[in-house]
Amino acid sequence: MKFFNLTLLGAAGVALLTGAAACSDSDTETGTTTTATTTSGAGGAGGAAGVGGATSTSSAGGAGGGQCAPLPVDPAAPNNWNHNTGDPLLGPEGWGSIKNDKDMPAYPQCGDTMLQQAPIAFPSPAMPWATGGVKFDSMNLSWSNAAVATGTKNSGQTWYTYIDSTKSASTVKYMGEDYSVAQFHFHAPSEHTIDGKQYPLEVHFVHTGGNKFLGVAVGLMFEEAANDNPVLAKLWDKFSECPTADAVDLPANTTLDLKSLLPADLAHFEYDGGLTAPPCSHTVHFAIMTTPVKASAAQIKKFADALGPTNRPTQKVLDQMSVTYEANK
Ligand SMILES: [Zn+2]
């Protein structure tokens, strides 16, 4: 992962990005426990993707889930930031100024006004859009109907599910490189808005493994429906097991039909930004589907109630022309 500039992020960022061992019995990064926890290798969930934290850990031991463990604390990467817009110090406006244990900004990219930040407000898809340029091609999106989830983590600011990209990888090819879903996580309400509309829930599927981008994030918007979303239903009770900033294993070989989550119409907006949460690392290519998918009101409420608002406000668009729209094919 040559592109991934570790020194830029500093130890703090790395710790966050690599996600400090998500699963319980391997919680200590020193790995003193013997349970077979393997960071998913190159394909890796690992490394990148601080869009959420990202190390995918495979609990070979399987266990039956339900093993919460406190997340390790890294003074170089203060994890006390929040999504409260009324908090000038630790809320979104303050992220860029949060100091690490060396009294240096821990997340300088969050406050860098020369960088395109994420999320952004998309205008109407009905507008006339410039064509051409390099685009994310939804025809190259290949998600598995049996993705293997290895664990979840409640970071206190969002909630991650890690995918073992070595098994039934869910991939996207972008600019000639293959990226695989390493993790996905949720925001409530949605971070991106479309034509002024904010949805109650948004999920980001963070694909990693290429060199040109830290990651490719495919976002889906949820709208309320009467029935539970069956994919979310497989995961949602994990909230109750680990209600605070904790990690929990999923039962071994929990499979998720990610493909079924996709809307029939893959029209989407795209742009280059950074992680929507500290360390706000660049560069993440976003592709946000404009057709919402469905989850029950109860599912949405459960996530929102558990973590509160988990969205960064929309950010200024530095170059309107860099935002593109791709109609369905
Ligand atoms: Zn996200």
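This structure is a prediction, so every number in the text was calculated from the model and none was measured.

A tally of helices and strands in the protein yields four helices and 17 strands. By the burial criterion, 55% of the 329 residues in the protein qualify as buried. Sequence separation of 24 or more characterises 72% of the internal contacts of the protein that already satisfy a separation of 6 or more. Of the accessible surface of the protein, which amounts to about 12,900 Å², a share of 56% is contributed by carbon and sulfur atoms.

The protein atoms donating to the zinc ion are H185 (NE2), H187 (NE2) and H204 (ND1), with metal-donor distances spanning 2.0 to 2.1 Å. In primary-sequence terms, the residues that donate to the zinc ion follow H-x1-H-x16-H. Accessibility assignment for this pair places H185 and H187 in one class, buried.

It is worth spelling out helix α4 (residues 297-307) at this point. Where α4 is concerned, the buried positions are Q299, I300, F303 and L307. The buried residues of α4 occupy one face: seen down the axis, they fall within an arc of 100°. Exposed positions of α4 whose direction lies more than 90 degrees from the buried face are A298, K301 and D305. In the stretch just after α4, G308 is the one whose phi turns positive, near 75°.

Of all the 11 residues making up strand β12 (residues 215-225), eight are buried; the element is thus mostly covered by neighbouring parts of the structure. Pairing of strand β11 (residues 201-208) with β12, which is carried by seven bridges, proceeds in the antiparallel orientation. Bridge pairing links E202 to M221 in β12. Remark: six residues form the turn of the hairpin made by β11 and β12, two consecutive strands paired antiparallel; G209 in that turn has positive phi of roughly 120°.

This brings us to the nonpolar core. Formed by 40 residues in total, the largest nonpolar core has its most connected members in W143, F184, F186, F205, L220 and F303. Apart from the residues lying within four places of it in its own chain, the contact partners of F186 are T158, W159, L201, E202, V203, F222, L232, W236, F303 and T310.

Turning our eyes to something else, we now look at the packing of aromatic side chains. Here the distance between the centres and the angle between the planes together describe a pair of aromatic rings. All chains considered together, the criterion is met by 16 aromatic pairs. Here the aromatic rings of F122 and F269 are separated by 4.5 Å at their centres, their planes lie at 5°, and the arrangement is stacked. In this pair, F122 is assigned in strand β4 (residues 121-122) and F269 in strand β14 (residues 268-274), connecting sequence segments 147 residues apart. For the pair F122 and F269, one class covers both residues: buried. On the numbers, 5.8 Å between centres and 55° between planes, the contact of F186 with F303 is tilted. Of the two residues, F186 is situated in strand β9 (residues 177-187) and F303 in helix α4; the sequence distance between them amounts to 117 residues. For the pair shown, F186 and F303 are each scored as buried. Connected via pairs of aromatic rings, a cluster forms that spans W143, W159, F184, F186, F205, F222, W236 and F303. One Lys or Arg, K197, reaches over the ring of Y199 and ends 4.8 Å from the middle of that ring.

Take unusual backbone geometry next. The omega angle of the peptide bond from P278 to P279 is 10°, so this bond is cis rather than trans. Checked against the element boundaries, P279 lands in the loop between β14 and β15 (282-289). Of note, the bond from H282 into T283 is cis; its omega dihedral lies within 30 degrees of zero at 0°. Among the secondary structure elements, T283 is positioned in strand β15. Within the chain, S168 stands out as a residue other than glycine whose phi angle is a positive 45°. Mapped onto the elements, S168 comes out in the loop between β7 (159-163) and β8 (171-174). One non-glycine residue, D195, lies in positive phi territory at about 55°. Its location among the elements puts D195 in the loop between β10 (193-194) and β11. When its relative accessible area of 52% is taken as the criterion, D195 is described as exposed.

A word on the pairing of strand β13 (residues 246-256). Two elements, strand β3 (residues 69-70) and β13, share two bridges in a ladder whose sense is antiparallel. Directly across from A69, in β13, lies its bridge partner A247. Where strand β6 (residues 147-154) lies against β13, seven bridges are found, and the strand directions are antiparallel. The residue of β13 that forms the bridge with G151 is D249.

What follows deals with the confidence of the model for the protein. Interpretation of the predicted coordinates at a detailed level should be avoided for regions scoring low in pLDDT. Per-chain confidence: the protein averages 80 in pLDDT, with 78% of residues scoring 70 or above. Contacts for the low-pLDDT stretch residues 1-65, under 50 throughout, to residues beyond four places or in other chains number 171 contacts.

Our focus in this paragraph is the pattern of salt bridges. Taken as a whole and judged by the stated rule, the model has four salt bridges. Measuring nitrogen to oxygen at the nearest pair gives 2.8 Å for the salt bridge that ties E223 to K294. Of the two residues, E223 is situated in strand β12 and K294 in strand β16 (residues 293-296); the sequence distance between them amounts to 71 residues.

Parameters at a glance
Residues numbered from 1 in each chain as written. Predicted model: local features only at pLDDT ≥ 70, side-chain atom pairs only at ≥ 80, totals over all residues. Heavy atoms only, no water. Helix = DSSP H or I, 4+ residues; strand = E, 2+ residues; numbered from the N terminus. Buried < 20%, exposed > 50% of the residue type's maximum accessible area, 1.4 Å probe, protein only. Contact = heavy atoms within 4.5 Å. Areas by Shrake-Rupley, 256 points an atom, 1.4 Å probe, with all protein chains shown as cover. Donors = N, O, S within 2.8 Å, 3.2 Å for Na, K, Ca; no water. Arc of directions from axis to C-beta. Pairing = 2+ DSSP bridges. Core = buried A, V, L, I, M, F, W, Y, C linked by side-chain atoms within 4.5 Å. Phe/Tyr/Trp six-rings, centres within 6.5 Å; stacked < 30°, edge-to-face > 60°. Lys NZ or Arg CZ within 6 Å of the ring centre and 35° of its normal. pLDDT = per-residue confidence, 0-100. Salt bridge = Lys/Arg side-chain N within 4 Å of Asp/Glu carboxyl O.

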